[in-house]
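Working through the structure, step by step
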Amino acid sequence: EIRETMSVDPISVQPEADILEVARIMLDRKFAGLPVTDGEGKLVGMVSDLDVMTSELMPGHKGRIDDVDALFPDPGMDWASFRSLKKQLKKIKGKTIGDIMTPTTSCKMITPDTTVDVAANMLIRHRLRRLPVVDAEGRLLGIVTRGDILRSGLRRILDSAGVSA
């Protein structure tokens, strides 16, 4: 069951959180995404690094984009481009995570009783990096990532082969 694999009490943010502050948390903690919860701990959405990158943070982009190469500045960025990026950062200041998050109506979620196999299939089938784990009332209990699933599978293989760490 996922309850044995998930990370419990994950860091979450609220919809009112400033996009730049959340970007800083993600950068400092090396997180590619975070759950978004309300004041009662109920999951209201998910925010990913792609959500942040395809928000108005990146010059010239409105909403989601298909050209991933366009997300990264050219190594030969000139000062005009740098000033443009700085202007965009000022423009986004004050916008909230609620403006860019994926709401729970569009999120895949699992419960603590979900099997590791079902979670792994969901991650693969829907090309997700993480799944929030919620209780019957929708309160966030944990999060499971592709890495968590991989480590769980490897442990099972090594244990069944009698290989100790």
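Relevant structure appears above.
All figures in this text were calculated on a predicted structure; none of them were measured in a lab. (Residues numbered from 1 in each chain as written. Predicted model: local features only at pLDDT ≥ 70, side-chain atom pairs only at ≥ 80, totals over all residues. Heavy atoms only, no water.)

The backbone phi angle of Asp-9 is positive, close to 50°, even though this residue is not glycine. Position of Asp-9 among the secondary structure elements: in the loop between β1 (7-8) and α1 (19-29). Asp-9 sits in the exposed class, given a relative accessible area of 70%. Located in the positive-phi region is Lys-30, a residue other than glycine, with phi close to 60°. Mapped onto the fold, Lys-30 is located in the loop between α1 and β2 (33-37). What makes Lys-30 exposed here is its relative accessible area of 76%. (Helix = DSSP H or I, 4+ residues; strand = E, 2+ residues; numbered from the N terminus. Buried < 20%, exposed > 50% of the residue type's maximum accessible area, 1.4 Å probe, protein only.)

In this section: the side chain of Ser-152. With respect to the secondary-structure elements, Ser-152 resides in helix α6 (residues 146-160). With a relative accessible area of 9%, Ser-152 lands in the buried category. In this structure, Ser-152 is in contact with Thr-5 and Val-116, ignoring residues within four places of it in sequence. (Contact = heavy atoms within 4.5 Å.)

This part is about the pattern of salt bridges. Following the criterion strictly, the structure yields eight salt bridges and no others. Among the ionic pairs, Arg-139 bridges to Asp-135, the shortest N-O distance being 3.1 Å. Residue class for Arg-139 comes out partly exposed when judged on its relative accessible area of 34%. Of the residues examined, Asp-135 reaches a relative accessible area of 16% and is grouped as buried. Here Glu-137 and Arg-139 are joined by a salt bridge, their closest N and O atoms 3.0 Å apart. (Salt bridge = Lys/Arg side-chain N within 4 Å of Asp/Glu carboxyl O.)

Read across the open sheet, the three strands follow the order β1-β6-β5; overall the sheet is antiparallel. At either margin of the open sheet sits one strand with a lone partner, and together these are β1 and β5 (130-134). Bridging between β1 and strand β6 (residues 140-145) involves two bridges; their strand directions are antiparallel. Opposite Val-8, over in β6, you have Gly-142 as the bridge partner. Relative to the sheet, α6 contacts β1 and β6, its axis offset from that of β6 by approximately 70°. (Pairing = 2+ DSSP bridges. Axes fitted to C-alpha atoms, helices over the stretch in contact; angles between N-to-C directions.)

The strands that make up a sheet are held in pairs by hydrogen bonds between backbone atoms, and each pair lies either parallel or antiparallel. The strand order β2-β3-β4 describes an open sheet built from three strands, whose pairing is antiparallel. The open sheet is flanked by β2 and β4 (102-103), the only strands paired with a single partner. In terms of strand pairing, strand β3 (residues 43-48) meets β4 through two bridges, oriented antiparallel. If you follow Met-46 over to β4, its bridge partner there is Thr-102.

Before going further, it helps to examine a nonpolar patch on the surface. Together, Leu-150, Leu-154, Ile-157, Leu-158 and Val-163 make up a nonpolar patch on the protein surface, roughly 460 Å² of accessible area in all. As for its position among the elements, Leu-150 is in helix α6. (Patch = residues over 30% accessible without salt bridge, like charges linked within 9 Å, V, L, I, M, F, W, Y side chains within 5 Å. Areas by Shrake-Rupley, 256 points an atom, 1.4 Å probe, with all protein chains shown as cover.)

On to α1. Burial in α1 covers these residues: Ile-19, Val-22 and Met-26. When α1 is viewed along its axis, its buried side chains cluster within an angular range of 65° and face the same direction. Residues of α1 that are exposed and point over 90 degrees away from its buried face: Glu-21 and Leu-27. Residue Asp-18 occupies the N-cap position of α1, its side-chain oxygen lying 2.9 Å from the main-chain nitrogen of Leu-20. One or two positions beyond α1, positive phi appears at Lys-30, with a value near 60°. (Arc of directions from axis to C-beta. Polar contact = N/O pair within 3.5 Å; in protein donor to acceptor, adjacent residues only side chain to side chain.)

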